[in-house]
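Spelled out from the first residue to the last, the chains are:
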Amino acid sequence: MPAPERIPAGRLSAMESAAEPAAPLPGPARPQDPPAAAPEPATDLSDALLAEGELTVRGRIQEASNAVLYCTVAYDGRSAACVYKPVAGERPLWDFPDGTLAQREVAAYEISRACGWDLIPPTVLRDGPYGTGMVQVWIDPPESSDEVPELLALVEDEEPGPGWKAVGLAQIGEGRTALLVHADHPRLRRLAVLDAVINNGDRKGGHLLPGADGEFFAIDHGVTFNAEDKLRTLLWGWAGEPLTDEALEVLRGLQRALEDDRPLAARLAELITDVEIEALRARVAALLDSGRHPEPSGEWPAIPWPPV
């Protein structure tokens, strides 16, 4: 498939240019010496390690729009690499209450886990060197580029090739346009459903991180769960198409798990507002009623900017 531009693979979020500098922290976050022992892989983590381990800041991802600190966490002789986003380093947004992005990231993980799809790395809310924040497992890229799945691309063709879904035309400079496409990948399709459920307002290409064995994980879920329609994503290729039988079954299970007397609902009540929980339930019900992937509403920009 000819491609004048490719959406870069890998940890794109570390390369994005922030609209504003990252929010300042109460004190310096200077890189420290790396840990003596290599951190354990994310697949061998326990909740205690992430939530109760000693958190050590190793450096800061300067390009992030909010404060994002690379850390290690150690507990009971075990260690792992992780990301720590303190509430104190969040940049205020006009359409979200201040100091709530970390909780929304954790709520997104709770929904992903309830769906059984393992799309978001383990994420907790805890205290750290700069106060309360979100701590999430760090996803290392594969050793070989051959293991990195190609999920997004800009192509010269007017229609997507086999195995691809069209999103729309994009300007690529000098008056040229190309077709933005994403892979017709079952895990990516699950993510499109999850984003519709959590009302993700910022699904960029850089928020898809390749993992081992051709898998990928989704990160950066701070602008989610708004009670108003905010869905903004690069994954519109299935818009209007019927949901898979698997997705419908998962959504029915999620609907039950969101009932007032269930543990998931109680956990979400600690993270987002009652109004936002009711809106979440309404989105799940609407997806089940329609049986289809949502389409852009026209009341909110459908594509995030920048797209990567």
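Structure first, text after, so check above.
This section reports on the structure supplied with the text. Quantities reported herein were computed from a predicted structural model and do not represent experimental measurements.

Our focus in this paragraph is the overall build of the chain. Along the backbone of the chain there are six helices and 10 strands. Across the 308 residues that make up the chain, the buried fraction comes to 51%. Across the chain, every contact between residues at least 6 apart in sequence was considered, and the portion connecting residues at least 24 apart equals 70%. Approximately 14,700 Å² of the chain is accessible, and the part contributed by carbon and sulfur atoms is 50%.

The next point concerns the packing of aromatic side chains. Where two aromatic rings form a pair, the distance of their centres and the angle of their planes describe that pair. One pass over the structure, following the stated rule, counts one aromatic pair. Note on Y70 and W138: the rings are 4.8 Å apart at their centroids and 75 degrees apart in plane angle, and the pair reads as edge-to-face. A residue pair is termed long-range when its members are at least 10 positions apart, and Y70 in strand 2 (residues 69-75) and W138 in the loop between strand 5 (133-137) and strand 6 (152-155) qualify at 68 residues. By relative accessible area, which is 26% here, Y70 ends up partly exposed.

With that settled, the discussion passes to empty space enclosed by the protein. Using the criterion set out here, one finds one cavity of 30 Å³ or more in the structure. If you trace the largest cavity, you find it lined by A192, D195, A196, L231, T233, L235, W236, W238, A239, H293 and P294. Along the lines of polarity and charge, the residues of the lining of the largest cavity split into eight nonpolar, two polar and one charged.

So, on to the pairing of strand 7 (residues 164-173). On a regular strand, one side chain projects to one face of the sheet and the next to the other, so that they alternate. Sheet analysis places strand 7 next to strand 8 (residues 176-183), joined by eight bridges and oriented antiparallel. Residue pairing for strand 8: K165 is matched across the bridge by H182. Adjacent in sequence and paired antiparallel, strand 7 and strand 8 are bridged by two residues, among which E174 carries a positive phi angle near 55 degrees.

Analysis parameters
- In this convention, every chain numbers its residues from 1, walking through the sequence in written order.
- Local features in this predicted model are restricted to residues of pLDDT 70 or higher, and side-chain atom pairs are both shown and tallied only at a pLDDT of 80 or more, whereas totals for entire chains, interfaces and linings draw on every residue.
- To obtain the side-chain values, all non-hydrogen atoms of the structure were used and water was disregarded.
- What counts as a helix is a DSSP run of H or I of at least four residues, what counts as a strand is a run of E of at least two, and both are numbered from the N terminus.
- Relative accessible area decides the class of each residue, using a 1.4 Å probe on protein chains only: under 20% of the type maximum gives buried, over 50% gives exposed, and in between gives partly exposed.
- Note on contacts: a residue pair qualifies if any of its non-hydrogen atoms lie within 4.5 Å across the two residues.
- Methods summary: accessible areas were calculated by the Shrake-Rupley approach with a probe of 1.4 Å, and residue burial reflects only the protein chains presented.
- We call Phe, Tyr and Trp rings a pair once their centres come within 6.5 Å, taking the six-membered ring for Trp, and we label the pair stacked below 30 degrees between planes, edge-to-face above 60, and tilted otherwise.
- In the cavity and pocket records, a cavity denotes points on a 1 Å grid over the protein atoms alone where a 1.4 Å probe fits but cannot get out, a pocket denotes an open set with protein on both sides within 12 Å along at least 5 of 7 lines, and lining residues are residues with an atom within 4 Å of a point.
- Grid points are joined across faces, edges and corners, and a volume is the space filled by probe spheres set on the points.
- All residues other than Ala, Val, Leu, Ile, Met, Phe, Trp, Tyr, Cys, Pro, Asp, Glu, Lys and Arg, Gly among them, are scored as polar; the first ten of these are nonpolar and the last four charged.
- When DSSP finds at least two bridges between two strands, those strands are taken to pair.

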